[in-house]
Amino acid sequence: MNIREDIRNVAIIAHVDHGKTTLVDELLKQGGTFRAHEQVEDRVMDSGDLERERGITILSKNTSVNYNGIKINIIDTPGHADFGGEVERIMMMVDGVLLLVDAFEGCMPQTRFVLSKALALGKKAIVVINKIDRPNARPLEVIDEVLDLFIELGADDDQLEFPVVYASAREGYASLDENTRCGDMRPLLDAIVDNIAAPKGDINGPTQVRFSSLDYDDYVGRIGIGRVERGTIKHGQSVVLCKTDGTTQNVKISRLYQFEGLHRVEVESASMGDIICVSGISDLNIGETVCDPNCVEPLPFIKIDEPTLSMNFIANDSPFAGREGKYVTSRNIRDRLFKEVETNVSMRVEETDDTKVFKVSGRGELHLSILIETMRRENYEFQVSRPNVIYKYEDAVKLEPMELLIVEVPQEYVGAVMEKIGARKGELEDMSTREGGATHLEFKLPARGLIGYRNEFLTDTCGLGIMNNLFAGYEPFKGDIVTRERGSIVSFETGESTAYGLFNAQDRGRLFIGAGVEVYEGMIVGECSKNEDVICNICKKKQMTNMRASGSDEALRLVPHSVLSLEQCMEFIKDDELLEVTPKSLRMRKAILNKEQRMKSEHRK
């Protein structure tokens, strides 16, 4: 066994918005990655447009820092539970983790999830208490919470002896003393070098590389990202690809890269412990191994948790189909969805009996909505159905996915929150009071109970509540849940909405469109105030005659309409409704557009 003392491989894991990407920014700046006067954006690792807009990390990304002659490979991971598959698969590439915890919020749902994955694989953790400069920061209490979490998750004695570093990623300092408020990141880098194990293996043995991630380049095609587990790999080397289905294939390494800062640098060879990128293998998939032809030994790959939510992607057949999108056919949609599955390991795509319908399964609403938003930005046009949970059956017992919901709300809104979650089959598991008067609540409830709840929660708490959820396993079916209690306002005919028509319709409920918008028969234009669908003629025009009594006209004052986001539209639609997604528009509609056909269908049911 050889030990590479010149390398450390570490992943940064934490709950969403606890400062992982900001910390990586600071390590890169202080590690000399950027020139002295180079203009650097905040959260430089969040390179995607959606990541920058939403302020979250969606894909795990690699970088490296050189410190005192040691190369520290760093992997920045997503913090949201819906992208847990990204965290699970990169754990095989690292020897330890930095567990970031907010000095005020403490251990949150995703902290538990990512830590359990790391501990199960025997990874050593360094606990970083971030944001110690926050008002009401409570670092010592948070350390106690972290220790309790380690014990609860079954950490061994070595893992329980975790070092603690106090930091403020935004201000750019770290320290071993919780009272320090200045300095640089050297204490954290020293902790990584001292506590994260150096890669161990046979550096002179036959080649063995396991791939945990995929990238794509327009010039060289598919790029596999993985770690050299044994031996040395060289540019131009002939190797055997061991596929996940048990077959093998002879391939050649056309190009070999390593990470230097934010860039991929081409190299001639890499040895045991290095994290590398390889091009030249056209049909490489995540979890596969390349080996020396004389010693074909595929490595096992970590099991990724199964999806819990599914929805149908359907070729657009509305009256406005093909107006705004470039890729509209079912073949275009099929090719794009199956391409997504190649790199998104926690997503599933299935073909159905209908050639225009594809069943897509993911970890949660955000996981699916990011795919929808990405596709619409790539000029795809399609329709999606309401998300549905995926049930399991064991010994004839119907099981459904459960969620752990953690809520922090001001005291005066606790009653409204408990009433709504109780109606959705939620059970209160813990309740405590935080400094500043906020109430901390923990519930366990069915995953389907959360569909459509986020908007109600923000309304009930006047936007002051914080809500996080995490998958908590499968339990027996809890019974029917009434989620949306109101119907839809549906357009009567195809045309253009008028102020006169909308003025007469706005008394029926809340409108989603304004005047001068093209609509079609069966399109949803608002939310009814009653538990029934109503059909309104919003294209109705005032008859312009010269026979008019003085004083009979009045100014039409329209209530400002609500503009729903993609996630809000997904939560709003019912089982008999669809969401039409185009590069320019989001339109909700009835699955059956014609009123008479809808009534006949309801009668048959």
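It should be emphasised that the depicted structure is a prediction, and the values quoted were computed from it without experimental measurement. (Residues numbered from 1 in each chain as written. Predicted model: local features only at pLDDT ≥ 70, side-chain atom pairs only at ≥ 80, totals over all residues. Heavy atoms only, no water.)

Trainee: Can you help me understand the nonpolar core in this one?
Mentor: Judged by nonpolar contacts, the single largest core of 39 residues is most densely connected at Ile-13, Leu-99, Ile-129, Val-146 and Phe-150. Not counting residues within four places of it along the chain, the set of residues in contact with Phe-150 comprises Leu-99, Leu-115, Leu-119, Ala-125, Val-127, Ala-155, Gln-159, Leu-160 and Phe-162. Residues Val-360, Leu-371, Phe-382 and Met-570 belong to the second largest nonpolar core, which totals 31 residues. (Core = buried A, V, L, I, M, F, W, Y, C linked by side-chain atoms within 4.5 Å. Buried < 20%, exposed > 50% of the residue type's maximum accessible area, 1.4 Å probe, protein only. Contact = heavy atoms within 4.5 Å.)

Trainee: Please explain the sheet that holds strand β11 (residues 221-230) as it appears in this structure.
Mentor: Paired through backbone hydrogen bonds, the strands of a sheet run either parallel or antiparallel to each other. Taken in spatial order, the eight strands line up as β14-β13-β19-β10-β11-β18-β15-β16 in an open sheet, and their pairing is antiparallel. For this open sheet the edge positions go to β14 (248-252) and β16 (263-266), each flanked by a neighbour on one side alone. Averaged over neighbouring strand pairs, the angle between their axes works out to 40° when direction is ignored. Two strands pair when backbone bridges link them, and strand β15 (residues 255-260) and strand β18 (residues 275-279) are joined in this way by four bridges, in the antiparallel orientation. Directly across from Leu-256, in β18, lies its bridge partner Val-278. (Pairing = 2+ DSSP bridges. Helix = DSSP H or I, 4+ residues; strand = E, 2+ residues; numbered from the N terminus. Axes fitted to C-alpha atoms, helices over the stretch in contact; angles between N-to-C directions.)

Trainee: How should I be thinking about the environment of Asp-395 in this particular structure?
Mentor: Its location among the elements puts Asp-395 in the loop between β25 (392-394) and β26 (397-410). Put simply, Asp-395 and Gly-183 are 212 residues apart on the chain and 60 Å apart in space, counted from C-alpha to C-alpha.

Trainee: Looking at this structure, how should I read the pattern of salt bridges?
Mentor: Going through the model one piece at a time under the given rule, you end up with 36 salt bridges. Here Asp-6 makes a salt bridge to Arg-4, at a shortest N to O gap of 3.1 Å. A relative accessible area of 35% places Asp-6 in the partly exposed class. Exposure remark for Arg-4: the relative accessible area of 13% places this residue in the buried category. Of the charged contacts, one joins Arg-134 and Asp-102 as a salt bridge, the two residues approaching to 2.9 Å between their closest N and O atoms. With Arg-134 in the loop between β6 (124-130) and α5 (139-152) and Asp-102 in strand β5 (residues 96-102), this pair connects stretches of sequence that are 32 residues apart. Members of the salt-bridge network, linked through shared partners, are Asp-533, Lys-574, Asp-576, Glu-577 and Lys-590. (Salt bridge = Lys/Arg side-chain N within 4 Å of Asp/Glu carboxyl O.)

Trainee: Can you walk me through helix α4 (residues 109-120) in this structure?
Mentor: Residues three or four positions apart in an α-helix share a direction because the helix packs 3.6 residues into each turn. With twelve residues, α4 should reach 16 Å at 1.5 Å per residue; the first-to-last C-alpha distance of 17 Å fits that figure. Most of α4 is tucked away, with nine of its twelve residues classed as buried. All of the buried residues in α4 are Pro-109, Gln-110, Thr-111, Phe-113, Val-114, Leu-115, Lys-117, Ala-118 and Leu-119. With its phi angle positive at about 75°, Gly-122 sits one or two positions after the end of α4. (Expected span 1.5 Å × (residues − 1).)

Trainee: How should helix α9 (residues 365-377) be read in this particular structure?
Mentor: For α9, spanning 13 residues, the distance from its first C-alpha to its last is 18 Å, which sits close to the expected 18 Å at 1.5 Å a residue. Turning to α9, its buried residues are Glu-365, Leu-366, His-367, Leu-368, Ser-369, Ile-370, Leu-371, Ile-372, Glu-373, Met-375 and Arg-376. Where α9 terminates, the next one or two residues include Asn-379, which has phi positive at roughly 75°.

Trainee: Where do I start with the pairing of β14 in this structure?
Mentor: Each regular strand carries side chains that alternate between the two faces of the sheet. Relative to β14, strand β13 (residues 238-242) runs antiparallel, the two sharing five bridges. The partner of Cys-242 across the bridge, within β14, is Thr-248. Counting the residues in the hairpin turn of β13 and β14 gives five residues, including Gly-246, whose phi is positive at 95°.

Trainee: Please explain the sheet that holds strand β7 (residues 164-168) as it appears in this structure.
Mentor: Strand order across the open sheet formed by seven strands is β3-β4-β2-β5-β6-β7-β8, with mixed pairing between neighbours. Taken across any chain shown, the strands that pair with only one partner, and hence form the sheet edges, are β3 (61-67) and β8 (173-175). When strand polarity is set aside, the average angle formed by the axes of neighbouring strands in this sheet is 30°. The strands touched by α5 within the sheet are β5, β6 and β7, with β6 carrying the most contacts at an inclination of about 155°.

Trainee: What exactly am I supposed to notice about the confidence of the model for the protein here?
Mentor: Low pLDDT marks regions whose predicted coordinates should not be analysed in detail. Predicted confidence across the protein gives a mean pLDDT of 84, with 91% of residues reaching 70 or more. Element-level pLDDT for the protein is lowest in helix α2 (residues 49-54), with a mean of 59, against a maximum mean of 94 in strand β23 (residues 382-384). This model gives residues 35-46 a pLDDT under 50, and the stretch forms 34 contacts once residues within four places in sequence are excluded. (pLDDT = per-residue confidence, 0-100.)

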